[in-house]
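Listed below are the residues making up each chain.
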Amino acid sequence: MGASHRQSNIKHGKRQSLATAFLDNSRQRSNLKVLTKTLVTKVVIDSQSKQAKGVEFVTRNKKFHVRATKEVILSAGAVNTPQLLMLSGVGPKDQLSKLEIPLITDLPVGKNLIEHPTLILMVRSDYNAPKVGPNKLIQQYLNGCGTLTQAGNMDGVGYIRTKNDSKEVPTIEILFSVPPHIDVSILQREFNYNKDINNNLLNKINPQTDIFFYIVLLHPKSRGQIFLKSSCPIDFPNIDLNMFAEQEDVETLIEGVEYVQNLLNTDAFKKINATLLEVPICTNFKMGSKEYLECLIRNLAGTLYHPSGTAAMGPNNGKFVVSDTLQVHGIRNLRVIDTSIFPSSISGHLNAPTVMVAEKAADLIKQEHKHL
Ligand SMILES: Cc1cc2nc3c(=O)[nH]c(=O)nc-3n(C[C@H](O)[C@H](O)[C@H](O)COP(=O)(O)OP(=O)(O)OC[C@H]3O[C@@H](n4cnc5c(N)ncnc54)[C@H](O)[C@@H]3O)c2cc1C
């Protein structure tokens, strides 16, 4: 459907987080206080009036309680926002009662967890990227150019629609990462590959010649869930991605893999002798067969770190958590503004849509409070 260079938030060669892009300019405001190394442990909700009153948090070994004069806004992300809601008594009744958390409102918090399953194909080529030494790389970086200034060293992105799809949106994203790669060990951490894959695949990567294709399933049918492990706020919640529970997801991703295999047969890739690196698994299947590709996907695919959907926006019918103004159903003065509120999957990466949601929410809040 289209291909382009990848766009990133980069200023003078350095990646900009939203904190640097937005907060840095506002730090001097008298009505803004930012606390770091601080853990919010609970939203305080009055069980009678069902009104959010403030939050409890812990910082530097001390517990604090802060009262909200207008409303509480939760932006802890798609994993921790549902955790905090559940710890505060807003969530699935059965889960909260098991952990003896007093129920304030029964809502499907933590359900509908959406991810973008991703398989990386690694390809060897005859192309040899010029070697640049560390001194030169650092010099380039300080001047705002060179390999170290590229986000994830990913140069290209393309979107395709597979046969399996009836909608007018792309179903597969292909990210294209070119040599030279600086440090492939990050892939090990990112995808949690086992020792065998690490030794027999990643350690064989040639950073000067090898090309990576990230094949991303944009609209998976499978849904996961965030569960509380305990009622203690410092325990991480359980993340059950439930990836590939729906066979259709495997089949659509196979189509993405086949697309890349066909791409390798084009003149441009043939010219540089592009060939898939052998993966030391699934050897009992015929290489390239559907069974082989399914085995590869089920064993090697990881996430793109795009969790969303765990406090989904929609009507107050028991299936959704927040309204179209992002207020938690059944609770007054409590709003969620982060990727949790996406009701369905996004045809791309989540950073820009999250900013868009936040900008829209800021307008709604300004509008609502302008007469107060
Ligand atoms: C490694 C990685 C790479 C990514 N790359 C890209 C990319 O290239 N492009 C793109 O578009 N997207 C990318 N994403 C996705 C994107 O960063 C997220 O989708 C986006 O940041 C989600 O925004 P959010 O506000 O929902 O949550 P977050 O950005 O996760 O913000 C939640 C914040 O809440 C804080 N928090 C959580 N719990 C508590 C608590 N109890 N008390 C106090 N604070 C708390 C967290 O520390 C965090 O700062 C990437 C994500 C990861 C992890």
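Everything numeric in this text was worked out from a predicted model, so none of it was measured.

**Things to note about the overall build of the chain**
Okay, so step 1: Helix and strand counts for the chain come out as 10 helices and 18 strands.
Okay, so step 2: For the chain, whose C-alpha radius of gyration is 23 Å, the value lies close to the compact-globule estimate of 21 Å for 372 residues.
Okay, so step 3: Relative to its full complement of 372 residues, the chain shows a buried share of 45%.
Okay, so step 4: Considering only contacts within the chain whose residues lie at least 6 apart along the sequence, 67% involve residues at least 24 apart.
Okay, so step 5: Element-wise, carbon and sulfur atoms account for 51% of the exposed surface of the chain, whose accessible area totals about 20,500 Å².
Okay, so step 6: The distance from the centre of the 42 positive side-chain charges to the centre of the 34 negative ones in the chain is 9 Å.

**Regarding the site of the ligand**
Okay, so step 1: In the region of the ligand, 18 residues are neighbours, and Arg6, Arg15, Val40, Thr339 and Asn351 sit closest.
Okay, so step 2: Taking Arg6, its side chain carries an N or O atom lying 2.7 Å from an oxygen atom of the ligand.
Okay, so step 3: Relative to its free-state accessible area of 1,000 Å², the ligand is covered by the protein chains to the extent of 57%.
Okay, so step 4: Going through the elements one at a time, β4 (38-46), α2 (77-87) and α10 (351-369) are the ones with two or more residues in the shell around the ligand.
Okay, so step 5: Looking at the shell around the ligand, its residues break down into 6 nonpolar, 9 polar and 3 charged.

**Here we look at the packing of helix α7 (residues 247-263) against helix α9 (residues 290-300)**
Packed helices, taken two at a time, are described by their axes: the angle between them and the distance between them.
Okay, so step 1: Running from amino to carboxyl end, α7 crosses α9 at an angle of 110°, the nearest separation of the two axes being 10 Å. Taken together, the axis directions place α7 and α9 in an arrangement best described as roughly perpendicular. Residue-level inspection shows Gln247, Val250, Leu253, Ile254, Val257, Glu258 and Gln261 of α7 in contact with α9, the latter providing Lys290, Leu293, Glu294, Ile297 and Arg298.
Okay, so step 2: Looking at the contact of α7 with α9 residue by residue, the classes come out as 6 nonpolar, 2 polar and 4 charged.

**A short note on the UniProt feature "domain: Glucose-methanol-choline oxidoreductase N-terminal" (unreviewed entry) in the chain**
Okay, so step 1: Here, the residues flagged by UniProt with the feature "domain: Glucose-methanol-choline oxidoreductase N-terminal" (unreviewed entry) are residues 77-91.
Okay, so step 2: From the first C-alpha to the last, residues 77-91 spans 16 Å; its make-up is 73% helix and 13% strand.

**Things to note about the environment of Ile197**
Okay, so step 1: Looking at the secondary structure, you find Ile197 in helix α6 (residues 195-200).
Okay, so step 2: Between the C-alpha atoms of Ile197 and Pro280, which are 83 residues apart in sequence, the distance is 6.7 Å.
Okay, so step 3: When neighbours within four sequence positions are excluded, Ile197 is seen to be in contact with Leu202, Val279, Pro280, Ile281 and Leu300.

**So, the environment of Val132**
Okay, so step 1: For Val132, the location among the structural elements is in the loop between β10 (117-124) and α4 (134-142).
Okay, so step 2: The partly exposed category is assigned to Val132, whose relative accessible area is 36%.
Okay, so step 3: Distance in space between the C-alpha atoms of Val132 and Thr147 is 9.3 Å, their sequence separation being 15 residues.
Okay, so step 4: In this structure Val132 touches Leu137 and Gln140, once residues within four positions along its chain are discounted.

**Remarks on unusual backbone geometry**
Okay, so step 1: Here the residue pair Pro179 and Pro180 is connected by a cis peptide bond, since its omega of 5° sits within 30 degrees of zero.
Okay, so step 2: Structurally, Pro180 can be placed in the loop between β12 (172-177) and α5 (185-191).
Okay, so step 3: The residue Glu100 is not glycine, and still its phi comes out positive at about 55°.
Okay, so step 4: Note that Glu100 resides in the loop between α3 (93-98) and β9 (105-106).
Okay, so step 5: Under the relative-accessibility criterion, Glu100 is labelled exposed at 72%.
Okay, so step 6: A positive phi angle, near 65°, is found at Asn333, a position not held by glycine.
Okay, so step 7: Considering the arrangement of structural elements, one finds Asn333 in the loop between β17 (302-303) and β18 (334-336).
Okay, so step 8: On the accessibility criterion, Asn333 (26% relative accessible area) is partly exposed.

**Some points on the sheet that holds strand β5 (residues 51-59)**
Strand pairing in a sheet relies on backbone hydrogen bonds. The paired strands run either parallel or antiparallel.
Okay, so step 1: Pairing within the open sheet is antiparallel, and its 3 strands lie in the order β4-β5-β6. In the strand order of this sheet, the two ends are held by β4 and β6 (62-67), each with one partner. Averaged over all neighbouring strand pairs, the angle between strand axes comes to 25°, with direction disregarded.

**Comments concerning the domain arrangement of the chain**
Okay, so step 1: Per the domain assignment, the segments making up the chain are domain 1 (35-113 + 307-369) and domain 2 (117-224 + 242-303).
Okay, so step 2: A separation of 35 Å is found between the C-alpha centroids of domain 1 and domain 2.
Okay, so step 3: With 9 residues of domain 1 at the contact, the number on the domain 2 side is 11 residues.
Okay, so step 4: Together domain 1 and domain 2 conceal approximately 710 Å² of surface at their shared face, both sides included; 44% is due to carbon and sulfur atoms.
Okay, so step 5: On the domain 1 side of the interface with domain 2, the three residues burying the most area are Leu113, Ser345 and Ser347, jointly 58% of the side's total.
Okay, so step 6: On inspection of domain 1 and its partner domain 2, the count reaches 0 salt bridges.
Okay, so step 7: Summed over the shared surface of domain 1 and domain 2, the result is 5 residue pairs in polar contact (both at pLDDT 80 or more).
Okay, so step 8: The residue inventory of the side of domain 1 that touches domain 2, partitioned by class, reads 2 nonpolar, 6 polar and 1 charged.

Quick notes on the rules
- Residues numbered from 1 in each chain as written.
- Predicted model: local features only at pLDDT ≥ 70, side-chain atom pairs only at ≥ 80, totals over all residues.
- Heavy atoms only, no water.
- Helix = DSSP H or I, 4+ residues; strand = E, 2+ residues; numbered from the N terminus.
- Rg over C-alpha atoms; globule rule 2.2 N^0.38 Å.
- Buried < 20%, exposed > 50% of the residue type's maximum accessible area, 1.4 Å probe, protein only.
- Contact = heavy atoms within 4.5 Å.
- Areas by Shrake-Rupley, 256 points an atom, 1.4 Å probe, with all protein chains shown as cover.
- Lys, Arg positive; Asp, Glu negative; His and termini not counted.
- Charge placed at Lys NZ, Arg CZ, Asp CG, Glu CD.
- Near = heavy atom within 4 Å.
- Polar contact = N/O pair within 3.5 Å; in protein donor to acceptor, adjacent residues only side chain to side chain.
- Nonpolar A, V, L, I, M, F, W, Y, C, P; charged D, E, K, R; others polar.
- Axes fitted to C-alpha atoms, helices over the stretch in contact; angles between N-to-C directions.
- Parallel < 35°, antiparallel > 145°, perpendicular 65-115°, else oblique.
- UniProt positions renumbered as here; feature names shortened; annotations may be inferred.
- Pairing = 2+ DSSP bridges.
- Domains from an automatic or database assignment.
- Buried area = accessible area lost by both parts, 1.4 Å probe.
- Salt bridge = Lys/Arg side-chain N within 4 Å of Asp/Glu carboxyl O.

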